[in-house]
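Next come the chains, spelled out residue by residue.
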Amino acid sequence: SKNESKQEEQNLIVGLRIRPLNEDEIIAGATPVAHKVDDNMVVLMDPTDDPDDILRANRSREKQYIFDVAFDGSATQKEVYEKTTKFLIPNVVNGYNATVFAYGATGAGKTYTMLGTAEERGIMARTMNDLFLEMEKTQEDMAYRVTVSFLEIYNEMIRDLLCPSSGVLDLREDSNGVQVAGLSKFQAKSTREIMDILIKGNKQRTQEPTVANKTSSRSHAVLQITVRQKNRIRDNTVQEVRMGKLFLIDLAGSERAANTQNRGKRMVEGAHINRSLLALGNCINALSDKHARKYINYRDSKLTRLLKDALGGNTKTVMIATISPASIHFEESRNTLVYADRAKNI
Ligand code: ADP
Ligand code: MG
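Bear in mind the structure is a predicted one, so any value in this text is a computation, not a measurement.

Calculation criteria
Residues numbered from 1 in each chain as written. Chains lettered and ligands numbered in written order. Predicted model: local features only at pLDDT ≥ 70, side-chain atom pairs only at ≥ 80, totals over all residues. Heavy atoms only, no water. Axes fitted to C-alpha atoms, helices over the stretch in contact; angles between N-to-C directions. Helix = DSSP H or I, 4+ residues; strand = E, 2+ residues; numbered from the N terminus. Parallel < 35°, antiparallel > 145°, perpendicular 65-115°, else oblique. Left-handed = near helix turned anticlockwise from the far one by under 90°. Contact = heavy atoms within 4.5 Å. Near = heavy atom within 4 Å. Polar contact = N/O pair within 3.5 Å; in protein donor to acceptor, adjacent residues only side chain to side chain. Areas by Shrake-Rupley, 256 points an atom, 1.4 Å probe, with all protein chains shown as cover. Nonpolar A, V, L, I, M, F, W, Y, C, P; charged D, E, K, R; others polar. Phe/Tyr/Trp six-rings, centres within 6.5 Å; stacked < 30°, edge-to-face > 60°. Buried < 20%, exposed > 50% of the residue type's maximum accessible area, 1.4 Å probe, protein only.

*Asks:* Mind showing me how you'd approach the packing of helix α3 (residues 77-84) against helix α6 (residues 123-137) here?
*Replies:* In a pair of packed helices, the angle between the axes and the distance between the axes together describe the arrangement. Direction vectors running N to C along α3 and α6 enclose 60°, while the axes themselves pass 10 Å from each other. With respect to α6, the element α3 is oriented oblique. Note on packing geometry: the crossing formed by α3 with α6 is right-handed. For the pair α3 and α6, the contacting residues are Gln77, Lys78, Val80, Tyr81 and Thr84 in the first and Ile123, Arg126, Thr127 and Asp130 in the second.

*Asks:* How should I be thinking about the site of ligand 1 in this particular structure?
*Replies:* Taken together, the neighbourhood of ligand 1 is formed by Arg17, Arg19, Pro20, Ala105, Thr106, Gly107, Ala108, Gly109, Lys110, Thr111 and Tyr112. Gly107 is positioned such that a nitrogen or oxygen atom in its backbone is 2.6 Å from an oxygen atom of ligand 1. The backbone of Tyr112 places a nitrogen or oxygen atom 2.7 Å from an oxygen atom of ligand 1. Starting from 550 Å² of accessible surface for ligand 1 in isolation, the protein chains cover 66%. Looking at the shell around ligand 1 residue by residue, the classes come out as four nonpolar, four polar and three charged.

*Asks:* I tried to follow the packing of aromatic side chains on my own but got confused; where do I start?
*Replies:* Geometry of an aromatic ring pair is reported as the spacing of the ring centres plus the angle between the planes. Following the criterion strictly, the structure yields one aromatic pair and no others. On the numbers, 3.9 Å between centres and 10° between planes, the contact of Tyr103 with Tyr339 is stacked. Separated by 236 residues along the polypeptide, Tyr103 in strand β6 (residues 98-103) and Tyr339 in helix α10 (residues 330-343) bring together distant segments of the chain. This pair shows no difference in class: Tyr103 is buried, exactly as Tyr339 is.

*Asks:* Any chance you could explain the side chain of Thr85 here in plain terms?
*Replies:* Mapped onto the fold, Thr85 is located in the loop between α3 and α4 (89-93). The residues touching Thr85, leaving out its near neighbours within four places in the chain, are Val100, Ile123 and Thr127.

*Asks:* Help me out: how do you make sense of unusual backbone geometry in this one?
*Replies:* Excluding glycine, residues mostly have negative phi values, and the peptide bonds linking residues are mostly trans. At Asn155, a position not held by glycine, the phi torsion is positive, near 50°. By secondary structure assignment, the location of Asn155 is in the loop between β7 (142-154) and β8 (157-160). One non-glycine residue, Glu156, lies in the positive phi region at around 65°. In this fold, Glu156 is placed in the loop between β7 and β8. On the accessibility criterion, Glu156 (10% relative accessible area) is buried.

Here it is as structure tokens:
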């Protein structure tokens, strides 16, 4: 399809997912203001514009945004996975790096998209499942070693979500690239087992209550999958070992510290979250501009340092921006659409 061939040649894919309107929003009297027009276009209507205002009568209340792929509340988890991430699987098995991340305000659907639920599995478990299937295809000729880690970055500190007692971990750089020293690795065979591990790890994330939302995630959750591939056939030539890394990331809520009535500790968190998101945005923006060889400053945040060899170069990056369709979240949705639009291929 057109979508698939585009994915093959682009370094950056930007998707947009509008979740369904939820009960709380309906009770609050909210109406949907974000709509998917077609597979690439989303419109957002400004609910604060007065339709009877004659001076504004000719000005459109709707703004259009174009993406590589757009989803609305009717999209299944399977569909979102297949149209954003599935194409990366053979690349990773063959030694290429890639990053997939969900961006958006708290409550917009990031965790649902990346982790999902036991019944409605998200991108993380589906990716693992397909990776195993892909390796099975060539297991007669190739030997594989897969390691998986799950960490959070909170206030520019790295913690192991699968082994929280390890405390704060450091980033190191060696011949294999960027490493998190002391990070635990797990091996799991079935998708259900993986899902259990991920749900348990996700519960370890730093969740701090804010005025805006009681369960706002203030940390970035990073699932890192490393696949080492080795030829089984031994001869006199040096055995080639290929290593592919895939990062699947559930970013912290993008709502700005200034938008909530946060003070003190929460303000510091907001600044750190903004720093990583801004650094990530700058990196992605630089990548999307193929012709201008912009300087990419990975050192600006822990997140971009960790992703250094999985952003740019021969790697692929997929960004899934998530929004609520509700009028009461218009400002947040607009901010997300603008951020995603800026990241998009020119
Ligand atoms: P975030 O991680 O961005 O803060 P969540 O993923 O936790 O937001 O989503 C908020 C709530 O909305 C959760 O209860 C989640 O299950 C639900 N939700 C999000 N996206 C969808 C969707 N596409 N379909 C159904 N429910 C969704
Ligand atoms: Mg979340």
